[in-house]
Amino acid sequence: MKVKVIPVLEDNYMYLVIEEHTREAVAVDVAVPKRAHPLPGALCTRAWRPNTGSHLDHLHLPNSHPFQLLEIVGREGVSLTTVLTTHHHWDHAQGNTELVRLLPGLVVLGADERICALTRRLAHGEELRFGAIHVRCLLTPGHTSGHMSYFLWEDECLDPPAVFSGDALSVAGCGSRLETTAQQMYHSLVETLGTLPPETVSSLPLTLSWGPASYITGVLCTCLMPGFRMTACQPWGQVDQVRGEGPRHWGECLCPSLPMVVLCTPSAFFLQKVFCGHEHTLGNLEFAQKVEPCNNHVKAKLSWAKKRDEDDVPTVPSTLGEELLYNPFLRVAEEPVCKFTGKVAPAEVLEVLCRERASFEQAAEPLQPQARALLALQWGLLSMPRPK
């Protein structure tokens, strides 16, 4: 399974998921089918292979040069058969109508009848199949009442599962609660997305070669490599490469002179990739730091995100394992988050977080309506008036 991350509009993401054996493709959240250039300053779209976390290609194009989703489909040599739409908002569904016109027979799926060009309405728990790719449909109301997230995995494959969460869950945050109760939103975030089914995760072990040993720690004494369960650990020859998840250096040495290899099995939470609908990572992490100023995971992720922003590189995907460490909206039962909100009941904690986050965002200068109109015009979402 290959996922192409396609930045569009001001800060949106849409995705092209490719089944690499059948060459069938599924698009997620088609905001605009014709114009799909990177975020301001960026010069490429990126393809993501989940099991390595590596970028596969870079399509270097001038920012002023628009190119089409269908051109990406043609360049990849795949057949686009289906659109999965998370919710009805225009910046996630506006492109459906034109795409259906350009591709007769294209199927548009979602859970809300308000979705543009909807072919069939999906139900919670329904499963779809695209070649070897399984899709589990997860109703996640909160941002909207008909929001659907999509959980994808392949059988007998090292690629970890991926959840396309739209505006239900983002990196270090979540979408604004617009149409549902705090209790419903809590259920969507914590009980649905936060407990995705572990049986869909490959049980094949990963070998992590950490070295030199002066950088090795964590798996033997603390959870410094979260999401991995150690099954074997033995002395090894000199190694200096890392394969698998996690940064290279994790702290102090247990035995400085002894390089080693760790054989471990990935846990479900750590490897599940989260592909969200917007590039809101910096603002989300700044709010998370306000909620938990002593959370070192927030500080580290914020530092990382600032560097990505400077380099005009997307911060997606994250993983569920990471989100549980720094996303306050998934940490509503944690003592520091409860203390910040002054509440104990998880849904009440979440409600206060949403309110505080809204106030926090108001401090930033919003994009003026005129600028939004110009942006919509640029992306072909508004038509110029005809001269009389």
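Residues numbered from 1 in each chain as written. Predicted model: local features only at pLDDT ≥ 70, side-chain atom pairs only at ≥ 80, totals over all residues. Heavy atoms only, no water.

**So, the packing of helix H6 (residues 281-291) against helix H7 (residues 296-310)**
A packed helix pair is summarised by two numbers, namely the angle formed by the two axes and the spacing between the axes. Put simply, the test is: Lines fitted to C-alpha atoms define the axes here, with helix axes fitted over just the stretch in contact, and angles between the N-to-C directions of these axes take values from 0 to 180 degrees. Each helix corresponds to a stretch of at least 4 residues labelled H or I by DSSP, and each strand to a stretch of at least 2 residues labelled E; elements are numbered beginning at the N terminus. Oblique is the label for any angle not under 35 degrees, not over 145, and not in the 65 to 115 range, which are roughly parallel, roughly antiparallel and roughly perpendicular in turn. Helix crossings are classified by the rotation of the near helix relative to the far one: an anticlockwise turn of less than a right angle makes the crossing left-handed, while a clockwise turn makes it right-handed. It only takes one pair of heavy atoms within 4.5 Å for two residues to be counted as in contact.
For the pair H6 and H7, interaxial distance at closest approach is 9 Å and the crossing angle is 155°. On the basis of the axis angle, H6 is roughly antiparallel to H7. Our pair here, H6 against H7, has a crossing hand that is left-handed. Here Thr-281, Leu-282, Leu-285, Glu-286, Ala-288 and Gln-289 of H6 come into contact with H7, specifically with Val-298, Lys-299, Lys-301, Leu-302, Ala-305, Lys-306 and Asp-309.

**Some words on the environment of Ile-18**
The condition that has to hold: Each residue's exposure class comes from its accessible area (1.4 Å probe, protein chains only) as a fraction of the maximum for that residue type: buried when under 20%, exposed when over 50%, partly exposed otherwise.
Its place among the elements puts Ile-18 in strand S2 (residues 12-19). A residue is classified by how much of its surface remains accessible, and Ile-18, at 0% relative accessible area, is buried. In sequence terms Ile-18 and Ser-79 are 61 residues apart; their C-alpha atoms lie 9.0 Å from each other. If we ignore the near neighbours within four places in the chain, the residues touching Ile-18 are Met-1, Lys-2, Lys-4, Arg-23, Glu-24, Ala-25, Glu-76, Val-78 and Ile-133.

**Digging into the packing of helix H4 (residues 182-192) against helix H10 (residues 346-362)**
Rules: All amino acids are sorted into three groups, where Ala, Val, Leu, Ile, Met, Phe, Trp, Tyr, Cys and Pro are nonpolar, Asp, Glu, Lys and Arg are charged, and the leftover types, Gly among them, are polar.
It is the contact of H4 with H10, at a shortest axis distance of 8 Å, that shows an interaxial angle of 100°. With respect to each other, H4 and H10 are oriented roughly perpendicular. Every residue of H10 that contacts H4 at Ala-182, Gln-183, Met-185, Tyr-186 and Leu-189 is listed here: Pro-346, Ala-347, Leu-350, Glu-351 and Cys-354. A breakdown of the residues in the contact of H4 with H10 according to their chemical character gives eight nonpolar, one polar and one charged.

**So, the side chain of Asp-29**
The criterion, for reference: Only four residue types enter the charge count, namely Lys and Arg as positive and Asp and Glu as negative; His and the chain termini do not. Think of a salt bridge as a Lys or Arg side-chain nitrogen and an Asp or Glu carboxyl oxygen that are within 4 Å of each other. A 3.5 Å cut-off defines polar contacts: any pair of N or O atoms within that distance qualifies, except that in protein one atom must be a possible hydrogen donor and the other a possible acceptor, and neighbouring residues in sequence count only when both atoms are side-chain atoms.
By the element assignment, Asp-29 lies in the loop between strand S3 (24-28) and strand S4 (46-49). Buried Asp-29, no salt bridge; nearest opposite-charge side chain is Arg-114, N-O distance 13 Å. Here the side chain of Asp-29 touches His-92 through a polar contact of 2.8 Å, side chain to side chain. The residues contacting Asp-29, other than those within four sequence positions of it, are Tyr-13, Met-14, Leu-84, Thr-85, Thr-86, His-87, His-92 and Gly-166.

**Details of the pattern of salt bridges**
Applying the stated rule across the entire model yields 14 salt bridges. Glu-98 serves as the salt-bridge partner of Arg-101, at 3.7 Å between the closest nitrogen and oxygen. Separated by three residues within a single helix, Arg-101 and Glu-98 lie in helix H3 (residues 96-102), roughly one turn from each other. Taking the relative accessible area as the measure of exposure, Arg-101 reaches 56% and is therefore exposed. Several salt bridges converge on common partners, so that one network encompasses Lys-2, Lys-4 and Glu-76.

**Here we look at the packing of aromatic side chains**
This is how it is decided: Ring geometry is summarised as follows: Phe, Tyr and Trp rings, the Trp one being its six-membered ring, pair when their centres sit within 6.5 Å, and such pairs are stacked at plane angles under 30 degrees, edge-to-face over 60 and tilted between the two.
Following the criterion strictly, the structure yields eight aromatic pairs and no others. On the basis of an interplanar angle of 65° and a centroid distance of 5.3 Å, the ring pair of Tyr-15 and Phe-164 is categorised as edge-to-face. Highlighted residues: Tyr-15 in strand S2 and Phe-164 in strand S12 (residues 162-166), separated in sequence by 149 residues. As far as the burial class goes, Tyr-15 and Phe-164 line up, both buried. For the ring pair Phe-287 and Phe-340, a centre distance of 6.4 Å and an interplane angle of 85° mean the geometry is edge-to-face. Highlighted residues: Phe-287 in helix H6 and Phe-340 in helix H9 (residues 335-341), separated in sequence by 53 residues. In this structure Phe-287 comes out as buried when scored by relative accessible area, which is 2%. A relative accessible area of 25% means that Phe-340 is categorised as partly exposed. Each member of the aromatic cluster is reached from another via a ring pair, and the members are Tyr-13, Tyr-15, Phe-164 and Phe-275.

**Notes on unusual backbone geometry**
With glycine set apart, most residues show a phi of negative sign, and most peptide bonds adopt trans. For the bond running from Val-316 to Pro-317, omega is 0°, close enough to zero to count as cis. Within the fold, Pro-317 resides in the loop between H7 and strand S17 (318-319). Unlike most non-glycine residues, Glu-156 shows phi in positive territory, near 50°. Along the chain, the position of Glu-156 falls in the loop between strand S11 (148-154) and S12. Positive phi, close to 55°, is recorded for Asp-312, a residue that is not glycine. Looking at the secondary structure, you find Asp-312 in the loop between H7 and S17. Taking relative accessible area as the criterion, Asp-312 reaches 32% and is therefore assigned partly exposed.

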